[in-house]
Structure formats: structure tokens, C-alpha cells
Amino acid sequence: MVFMRLRLAHSTSADLRAWTGLSGPQMQHLVGQLWELAPDAGRGRPWALLFTDRVLLVVLAYRTNLTMQQLGSLFGISHAAAHRVINRLAGPLAQLLGPPPADRRGLWVVDGTLIPVHDQRRSAKSKNYRRSVNVQIVCRARDRRVVAVGDAWPGNRNDVIVFRETLGRTLPDHPRLSGDGGYRGSDRIRTPRRGPDGRIIKDRNYRRFRKRRAVAEHTIARLKDHQILRQCRRAATRLTTPSPASPHSTTSRSTSGRRAIHRGEARPGPHYVMALSRGFPGRRPPRPPPRDP
């Protein structure tokens, strides 16, 4: 029996949508952008796969969260070669993240999400009963476009503390930045109004606020279509550190599928995962050893 190895040239648009969440034109657009950033040098050890197939391997790895052995068997290469492909293209893939939108009239919504991580040196037990990290995500309410993604902190930290130490230092001031009650005390985020007793005033404005808050929940749910955001097996010392630019959809620049992505109908591209897989600053320093009496 002959087993067909997965190749981009032999994949239909339906196959690409099932494996990666991207259409054929969107995948070709992503291949062209990555080739401009990291073309083959033409020297050294030759790659076992074509450049287009290597891009497909990276996108599929972040989408399905398969192991290196499974990826190597799927593409007909060794697990070490699959690991080298991901390490080579992970950095250029993160560099495709562009600046945040410059329009200050739109409503931005911030929310945090917990990502389970196997590396217990960097994670902490969270309210999801798993060792996770806390990542802050800012999206635009009009079209669910991701504006910025913060660095990951241990999952037992409050949202307002993680935002203050990550996006609060890098995100430009925005007059219409909204958040839930977990961001109470931050002067940059608008939270629900509270009465003298400290409870939220549930009036008509609060009902409108809840509808806007649902946008951030839907955006995070679409991002977690990528299985690596549900169970990250990578070591904290080997996570990709992208450029400091804030992420947004690079595939939305293509002519095909642009409106669908802006409306939120299409799945976001895998480059979002690169920003969500940043390092883990903010760890508490170890306690000093007790002094001898």
C-alpha cells in the first residue's frame, strides 16, 4: 500500500480549510509573505521539503498541536527535520504581525484567557484546575480584529495585574478601551459603574456593556480553534519570542477572504499563536534560604 504524503500542491481548498483553517489563496498569500522575510539561502544542508510544504507544516502544527513524530510521519520526514522547520519559520511568521489600528474612534475590548502549559516551571494552578498561563488579548469590537496580545504570566495572577505589567506598558493610550469588572482600579480601562456599596449597577447601560463584552469572548473562542492554545507542550525556554509589534490578521491583506475575516466569519490565521506563545516574564523571585540561628 502506498501512503500519500501531505503536500501543499496536492491539497484541495477543502483539505486546507480542514487542516489549517485557511483557504488556498490565503495560504499562497502567507507563503509569499514568508518567502520575502526568510527565503532559502541556497547553501548549507538542503531541506527535505519544499518551502511551500514547510509553511504548511508550521501552520498545521499550530492548528492541530500534533507531536513532532506525528508531523514527521504525515510529511514523510523525521521528527528532527519537522522540529527544524518549525524553529526556522516561527520567527519570520511572528514578524508578520503588524502595528495596531491607528483609528482611535473604534471601541477596543480587553479580556484575559488561560492557556494550559505542560511546563510547570512557568505556569501556575488556575481557576480552570490546570497549570496555565494568563494572556491578555485586546480586540476591536467592530470587526473582532485582534489589536494586541500581551506576554504570558502565571495563571494565578489577576487580569488587572497582568494587563498593567504587559500591555499597559506597550499598548498606546486609547480613549475607548473597555474591560469587565476584573479590571477595576485601572485608569486606562472603562469598567461597569458601581454603586456606593461596591456592586455593579445593572441598568440599561450595563446591558449594552455586556453585549460589547461578548465580542472579546467570541474572539478568544475563535483563537482557541488552534489546539496549541488548549494544551501547550512546548518548553518555556523554547517558546518563540516575536517582534514587539502587536498582532493582527496578515491574511486579511489578501484580496480573497478579506471581508470574511474582518466580519469574523473566517478563522484567524496561525500567526496569532506566535504572539500567544511569548515568554513568561513576571515570575516571583525564589525565596532566599533561611538563615542559620
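Residues numbered from 1 in each chain as written. Predicted model: local features only at pLDDT ≥ 70, side-chain atom pairs only at ≥ 80, totals over all residues. Heavy atoms only, no water.

Engineer: Please set out the overall build of the protein chain residue by residue, giving values where relevant.
Structural biologist: Scanning the protein chain from terminus to terminus reveals 10 helices and 6 strands. Buried residues in the protein chain amount to 48% of all 293 residues. Within the protein chain, residue pairs in contact and separated by at least 24 positions form 65% of the contacts whose partners lie at least 6 positions apart. For the protein chain, the accessible surface area stands at approximately 15900 Å², while carbon and sulfur atoms represent 50% of it. (Helix = DSSP H or I, 4+ residues; strand = E, 2+ residues; numbered from the N terminus. Buried < 20%, exposed > 50% of the residue type's maximum accessible area, 1.4 Å probe, protein only. Contact = heavy atoms within 4.5 Å. Areas by Shrake-Rupley, 256 points an atom, 1.4 Å probe, with all protein chains shown as cover.)

Engineer: I'd like to hear about the nonpolar core, residue by residue, with values.
Structural biologist: Core analysis: the largest hydrophobic core is formed by 30 residues, its most contacted members being Met27, Leu30, Val55, Leu57 and Phe75. Looking at this core, the elements with two or more residues in it are helix H2 (24-37), helix H3 (51-64), helix H4 (68-75) and helix H5 (79-95). Broken down by element, the residue count for this core peaks at 9 residues, all from H3. (Core = buried A, V, L, I, M, F, W, Y, C linked by side-chain atoms within 4.5 Å.)

Engineer: Tell me about the pairing of strand S4 (residues 145-149), and please be specific about residues and values.
Structural biologist: In terms of burial, S4 is largely enclosed, as 5 of its 5 residues are buried. Bridge count for strand S3 (residues 131-140) against S4 is 4 bridges, and the pairing is antiparallel. Within S4, the residue paired with Ile137 across the bridge is Val149. Counting the residues between successive antiparallel strands, the hairpin from S3 to S4 contains 4 residues, one of them, Arg144, with a positive phi of roughly 60 degrees. (Pairing = 2+ DSSP bridges.)

Engineer: If you had to explain the pattern of salt bridges to someone new, which residues and values would you point to?
Structural biologist: Counted according to the given criterion, the structure contains 9 salt bridges. One salt bridge connects Arg140 with Asp143, and the closest N-O pair in it is separated by 2.7 Å. For Arg140, a relative accessible area of 8% translates into the label buried. What makes Asp143 buried here is its relative accessible area of 8%. Residue Arg169 pairs with Glu165 through a salt bridge whose shortest N-O separation is 2.5 Å. A cluster of three or more residues bridged by salt bridges with shared partners is formed by Asp111, Asp180, Arg213 and Glu217. (Salt bridge = Lys/Arg side-chain N within 4 Å of Asp/Glu carboxyl O.)

Engineer: So, the packing of aromatic side chains: which residues are in play, and what are the values?
Structural biologist: All chains considered together, the criterion is met by 2 aromatic pairs. Pairing Phe163 with Tyr183 gives two aromatic rings, centres 6.1 Å apart and planes at 85 degrees, and the pair type is edge-to-face. Of this pair, Phe163 sits in helix H6 (residues 159-165) while Tyr183 sits in the loop between strand S6 (177-178) and helix H8 (204-223), and the two are 20 residues apart along the sequence. The exposure class of Phe163 is buried, given its relative accessible area of 1%. (Phe/Tyr/Trp six-rings, centres within 6.5 Å; stacked < 30°, edge-to-face > 60°.)

Engineer: Can you lay out H5 for me, pointing to particular residues and giving the numbers?
Structural biologist: Along its 17 residues, H5 runs 25 Å from first to last C-alpha, staying within 8% of the 24 Å computed at 1.5 Å per residue. Its axis deflected by about 30 degrees at Leu89, H5 carries its strongest bend there, up to four residues before the proline Pro92. All buried positions along H5 are accounted for by Ala81, Ala82, Val85, Ile86, Leu89, Ala90, Pro92, Leu93 and Ala94. (Expected span 1.5 Å × (residues − 1). Bend = angle between axes of the 7 residues up to and from the residue.)

Engineer: Go over unusual backbone geometry, please, and point to the residues and values.
Structural biologist: Notably, Asn65 is not glycine yet its phi reads approximately 60 degrees, a positive angle. For Asn65, the location among the structural elements is in the loop between H3 and H4. A positive phi is found at Arg144, a non-glycine position, where the angle reads about 60 degrees. With respect to the helices, strands and loops of the structure, Arg144 is situated in the loop between S3 and S4. The exposure class assigned to Arg144 is partly exposed, which follows from its relative accessible area of 29%.

Engineer: Before we move on, can you summarise the packing of H3 against H5 with the specific residues and values?
Structural biologist: One way to put it is that H3 packs onto H5 with a least axis distance of 9 Å and a crossing angle of 85 degrees. Taken together, the axes of H3 and H5 are roughly perpendicular relative to one another. Contacts from Phe51, Arg54, Val55, Leu57, Val58, Ala61 and Tyr62 in H3 reach Ala82, Val85, Ile86, Leu89, Ala90 and Leu93 in H5. Of the residues in the contact of H3 with H5, the class split is 12 nonpolar, no polar and 1 charged. (Axes fitted to C-alpha atoms, helices over the stretch in contact; angles between N-to-C directions. Parallel < 35°, antiparallel > 145°, perpendicular 65-115°, else oblique. Nonpolar A, V, L, I, M, F, W, Y, C, P; charged D, E, K, R; others polar.)

Engineer: Please set out the pairing of strand S1 (residues 108-116) residue by residue, giving values where relevant.
Structural biologist: Counting buried positions over the 9 residues of S1 gives 9, a clear majority of the element. Neither face of S1 is left uncovered, since the one carrying Trp108, Val110, Gly112, Leu114 and Pro116 and the one carrying Val109, Asp111, Thr113 and Ile115 both have all their residues buried. Relative to S3, S1 runs antiparallel, the two being bridged by 9 bridges. Its bridge partner lying in S3, Ile115 is registered against Val133. With 2 bridges joining them, S1 and S6 adopt parallel strand pairing.

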